[in-house]
Structure formats: C-alpha cells, structure tokens
Amino acid sequence: MIALVPTGYSQTQKSNLKILYVGTNPDKPLTDREKRITNNLERKVALRKSRTNDFKNFIGQYFNSVTVVYGDEFKEEMASDYDVTIIDAYLKHFEGGYTKDKNGKVTGYTTRKFLTENYNAATIMIGEPSAYIGEGRDLKIDHLCLCLDAHAHGMKLDHPIFNTPNKVSVAYETIETPANYKARYGGRNLAKTMQMWRVQTEGYTEGKGMPVGLVSTGYAFDNGIDAEWISGGNNSKGVEATAIGRHANFLHWGFAAAPEYLTESAKLAFINAIHYIAPFKGTKQITKKIKRMPLREYLRESQWTVSDEGSAAWLHYVNKDLDKRRENKAKLQEKKDAGEELSQLENMMLRMPIEKHTRIWTIRHEPQKLKDKFGENWAMYENYYIENMDYFYPIPNERYTYWSDVDEDAKALGIANNNIKILETAITMLVNKDRTEMAKRILQRYTNESFESAKEWNKWFKKNHKSLYFSEGDGFKFIVI
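Cut-offs and rules
- Residues numbered from 1 in each chain as written.
- Predicted model: local features only at pLDDT ≥ 70, side-chain atom pairs only at ≥ 80, totals over all residues.
- Heavy atoms only, no water.
- Helix = DSSP H or I, 4+ residues; strand = E, 2+ residues; numbered from the N terminus.
- Contact = heavy atoms within 4.5 Å.
- Core = buried A, V, L, I, M, F, W, Y, C linked by side-chain atoms within 4.5 Å.
- Buried < 20%, exposed > 50% of the residue type's maximum accessible area, 1.4 Å probe, protein only.
- Pairing = 2+ DSSP bridges.
- Axes fitted to C-alpha atoms, helices over the stretch in contact; angles between N-to-C directions.
- 1 Å grid on protein atoms, 1.4 Å probe; cavity = no way out; pocket = protein on both sides within 12 Å on 5 of 7 lines; lining within 4 Å.
- Points joined across faces, edges and corners; volume = space filled by probe spheres on them.
- Nonpolar A, V, L, I, M, F, W, Y, C, P; charged D, E, K, R; others polar.
- Salt bridge = Lys/Arg side-chain N within 4 Å of Asp/Glu carboxyl O.

1. Quick look at the side chain of Arg296
Okay, so step 1: Of note, Arg296 is situated in helix H6 (residues 296–306).
Okay, so step 2: Excluding residues that lie within four positions of it along the chain, Arg296 makes contacts with Met389, Asp390, Tyr391, Phe392, Asn417, Asn418, Phe470, Glu472 and Phe476.

Structure (structure tokens):
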C-alpha cells in the first residue's frame, strides 16, 4: 500500500470518511488489448504513469484518510476497513472465463467473477472495470459499450451527487445530437442538438489517447428498489445508456478520465458520489441483471429496426459519410504503403470493409427461424413483434447468452407475462384442476418457486403478492422484495 502525500488540489474542510483507492501500477505495461484499443500508444503510457498519483492527490484534498493499493494486490476483504472503496483498475478474476480443449479450441464460456457475493462494501467503479465486476455479480452495471466520450446528458440534477456536500453548477453546452441516437427507437424524436454537460476536458474521440469511458444498459436500470439511473453520456449505443448509475452498494462512474482531465463541476460531482455511496455499505442486492438477458426494450428496438420508419432511419445512419470513411481508409493505406507503422487500432480500421447496406441488413440479428419464415416480407417481422410483445420470455441458447421466444401459454390466456394476474390466474387454474400442466409451466417459468400442490402455491401467493416485483433482469421472474 502507498502512503498519501496530497498535492495540487485545494479544499478547506476534509471529511473523515476512510477511502481505499484501487489503482493501476504506473509501471505495469499495457496489455495487448489495451494496445489494440488506443490510437496513441505513447500518450496512453504517459497517462497511466500519472493516473494513480493524480487520483491519490485529488481524493486526499477532500478526505483525511486515503489509502492506495494497486489492482494486482487488492483483496476484497481489504474493503471492510474503509467507508468507501474506489476501483479504478482491472481486477483478477477468481472464477469463470473460457474453457478450451487439449488443442486450445474454445469450447465454452462462463461469466468471470471478480468479487464474491459476500462483498458488500460501498464501492465506486470507474470506467470499463465496472462492467466486468458488475457482470460477475449480475448487476445492472454491464458492458453495453466501451464508447463513452466527454459529455453527460439527461442528468437527474436533484440527485445528491449534484447537491451535497458540494453544490455542482452544471453549465450546458449545445452539442449535435449523436446520429446513432436518432436511428434508435428511444431517440427517434430528438432534436438536431442536445444540451450536454462537459464532464471531461478531453474525450477519446479527439484521437489523442484519452481512455474510453463505458456505458451500461439503460433499459430497466432504474427500478425504484435497489437501482437508480443518474445520468447518460455521449456514446454509440443510444440516449438511454447509463453513464452514471447505482445498483445496491455499487456506483458506476463510466467516465474514464483522471481528475486532471475532469472539469471543476465534474470533480465536485465525483466527490459527492463518494459521500453518497458511503451509507450503502452493507446494502443487500435485491434485483439482478443476468448477462445478455433480452430485456423487453431490446425487443421494442428490434420492432423499430424492422419497421419501415426504423429501417429507413438505420440505413440513413449506417450509410452516411461512406465517402469520408473511404477517404480515411485510403489515407491509412497510403501511410502503410509509405512504410509508416500503423497502430493496432489503425490496422483494424484498415481491415474493416466499407459497403452500402440495404434493407436486408436490418434483419441480420433476427432469429433464423423468422428469416426462413418471413423472407423479405418486412411487414411480417414488425407484426410478429407487435402481436407478441407481451408474451416474449428468455430461454438460453448455445452461444452463452439468451434469446427470446413466445410464451404460447401466456398468449393463450391473453395475459401479459409481467402482469401479476398471470400468477393469480395460474393458481386458480390449479385449484380448479383446469389445464394444470399449463398452470404449472407458467408458475415455474415466472417465479423461482417449484411447489407441487395448489395449496402450496396459493399459500405462497397470499403471503407475498404485495411484495412481488417482476424483474426482467432476473430472467422475467416475479421476485419477492
């Protein structure tokens, strides 16, 4: 552990909260992956050299007790001695990952785990490590996209991280609405510009080597039980994505810049976030978000994408600036032909094909059985989603994820599967010995219980019906909260 000698930041009154900062060893070399995702290797190394010390000095100006440990040395039991733990480094996983046969061929994958279920420290997770930890704990904090830039938007300005103990003065900038937002269902009605808050003085899209931030899935994030969406941010996945959010005792701060590159208002918001998460130490996680669970809003996006309006919006987006992309690719080729060395990122960009997409592209993610059935009858795809939206449920497939199928039982009853009435109806069917097999399928599909008798199901429902919450992230289950 490293002693703290704060410099460079000023604060008149410090808090007595004890802080543990988990950072990256400045002398640790970049991994192959880190090299691949940067377009300025020299700057990336320089930023790593200064990052941990920068955070150490910054936090030390606001808190009397700050301890720093490198990610490779971190043990989760260390966090129990502190009020807040800040994780700003990739941790070592203790379980999961790819399995391979004797020839080295990948045969399977299980989600990697970095913190055990017993870990309940009040924790802020910064940037991409947040997602890996979150997915290992089935948090709503996941790896939607490593594409968060310098600005935030949609902030809940009445939230404590903007108000206490420091009042954050958010100054807006008028920014062109990201084109990918308007191509999606959630952003279809957005104006040409948006009001955004500058969090970082520099973003990764400027090409100078600034680390890329991370957004998590925004769909069904804010549930009013144990998770809250606090802010979005300029990204490549849509206006609803989560740049700042909390689930149980974990707070996701997706912006990846070190304090040196945070605006003054963002610095105060980060300090407030430390104060805010502290009382959540020991908080029990109630809801889950199983990795790659097909939330209903994803299905609404699919419905939008295959529709006439949605497909036109997407094709306009993906085909825009084709000439500019060809020009940039040609410059990279000229650079390579001249004997100049390309970065791994530039080589990847050079290999990427550039082609004009047609409407067939918009159904590339549709299940093969639908493509076999509907072909290029676009209206059939959209009608499929419209007719079945209330009845989709997730089932596992062979690619270590989930996909959605139609629950014909719920559809036969005409009851949406997120309506508690479906449980009540199924129990009544059991009591009346009416289609008992269907009733059992419904009850076991949408709860975590496995009672056999109608009496047991009825007793459980009467006891818990006021506390039942339909959680898509838990696998489209009614859970007791």
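Here the narrative resumes.
2. Describing the nonpolar core
Okay, so step 1: Membership of the largest hydrophobic core comes to 50 residues, with the highest contact counts inside it found for Ile86, Ile124 and Trp253.
Okay, so step 2: It is helix H5 (residues 264–277) that provides the largest number of residues to this core, a total of eight residues.
Okay, so step 3: If we ignore the near neighbours within four places in the chain, the residues touching Ile86 are Ile19, Leu20, Tyr21, Val22, Ile59, Ile124, Ile126, Phe270 and Ile274.
Okay, so step 4: Counting 36 residues, the second largest nonpolar core, distinct from the first, contains Tyr381, Tyr385, Tyr391 and Trp457.

3. A closer look at the environment of Gly475
Okay, so step 1: Mapped onto the elements, Gly475 comes out in the loop between strand E17 (468–471) and strand E18 (477–480).
Okay, so step 2: Residues Gly475 and Tyr402 lie 73 residues apart in sequence; the distance between their C-alpha atoms is 9.4 Å.
Okay, so step 3: Not counting residues up to four positions away in its chain, the partners in contact with Gly475 are Ile290, Met293 and Pro394.

4. Things to note about the sheet that holds strand E12 (residues 227–233)
In sheet architecture, strand pairing relies on hydrogen bonds along the backbone and comes in two forms, parallel and antiparallel.
Okay, so step 1: In spatial order, the strands read E2-E1-E3-E6-E14-E13-E12-E8-E10-E9; together these ten strands make up an open sheet with mixed pairing. The strands lining the two open edges of the sheet, one partner per strand, are strand E2 (63–70) and strand E9 (172–176). When the angles between neighbouring strand axes are averaged without regard to direction, this sheet yields 30°.
Okay, so step 2: Summarising the sheet, strand E8 (residues 151–153) and E12 pair through two bridges and their orientation is antiparallel. Within E12, the residue paired with Ala152 across the bridge is Gly233.
Okay, so step 3: Running at roughly 125° to strand E6 (residues 123–126), helix H3 (residues 129–136) makes contact with strand E3 (84–87), E6 and strand E14 (250–253) of the sheet.
Okay, so step 4: Across the face of the sheet, H5 comes into contact with strand E1 (15–23), E2, E3, E6, strand E10 (193–198), E12, strand E13 (244–247) and E14 while running at roughly 170° to E14.

5. Section: the environment of Thr110
Okay, so step 1: Tracing the backbone shows Thr110 in strand E5 (residues 106–113).
Okay, so step 2: Spatially, the C-alpha atoms of Thr110 and Val239 are 30 Å apart, while their sequence positions differ by 129 residues.
Okay, so step 3: Beyond its immediate stretch of four places on either side in the chain, Thr110 contacts Gly96 and Gly97.

6. Describing empty space enclosed by the protein
In this approach a probe as big as a water molecule rolls over the atoms, and the regions it shows empty are the leftover space.
Okay, so step 1: Tallying each qualifying case throughout the model produces two cavities of 30 Å³ or more.
Okay, so step 2: Estimated volume of the largest cavity: approximately 50 Å³.
Okay, so step 3: Together, Lys140, Thr217, Tyr219, Ala220, Phe221, Lys289, Leu295 and Gly473 line the largest cavity.
Okay, so step 4: Here the residues of the lining of the largest cavity sort into four nonpolar, two polar and two charged.
Okay, so step 5: What lines the second largest cavity is Phe55, Phe58, Ile126, Trp253, Phe255, Ala257, Pro259, Leu262 and Phe270.

7. Examining the pairing of E6
Okay, so step 1: Neither face of E6 is open: one carries Thr123 and Met125, the other Ile124 and Ile126, and all of them are buried.
Okay, so step 2: Here three bridges tie E3 to E6, and the two strands are oriented parallel to one another. Its bridge partner being in E6, Ile87 is matched across the sheet by Met125.
Okay, so step 3: One ladder, built from four bridges, connects E6 with E14; its direction is parallel. Across the sheet, residue Ile126 finds its bridge partner in E14, namely Trp253.

8. Some remarks on the pattern of salt bridges
Okay, so step 1: One pass over the structure, following the stated rule, counts 24 salt bridges.
Okay, so step 2: Of the charged contacts, one joins Asp27 and Lys49 as a salt bridge, the two residues approaching to 3.1 Å between their closest N and O atoms. With Asp27 in the loop between E1 and helix H1 (32–36) and Lys49 in helix H2 (residues 41–60), this residue pair connects regions lying 22 residues apart in the sequence.
Okay, so step 3: Look at Asp27 and you get exposed, because its relative accessible area is 59%.
Okay, so step 4: Given the relative accessible area of 45%, Lys49 is considered partly exposed.
Okay, so step 5: A salt bridge links Asp308 to Arg359; the nearest nitrogen and oxygen atoms lie 3.0 Å apart. With Asp308 in helix H7 (residues 308–319) and Arg359 in the loop between helix H9 (344–351) and helix H10 (368–374), this residue pair connects regions lying 51 residues apart in the sequence.
Okay, so step 6: For Asp308, a relative accessible area of 55% gives the class exposed.
Okay, so step 7: Judged by its relative accessible area of 19%, Arg359 is buried.

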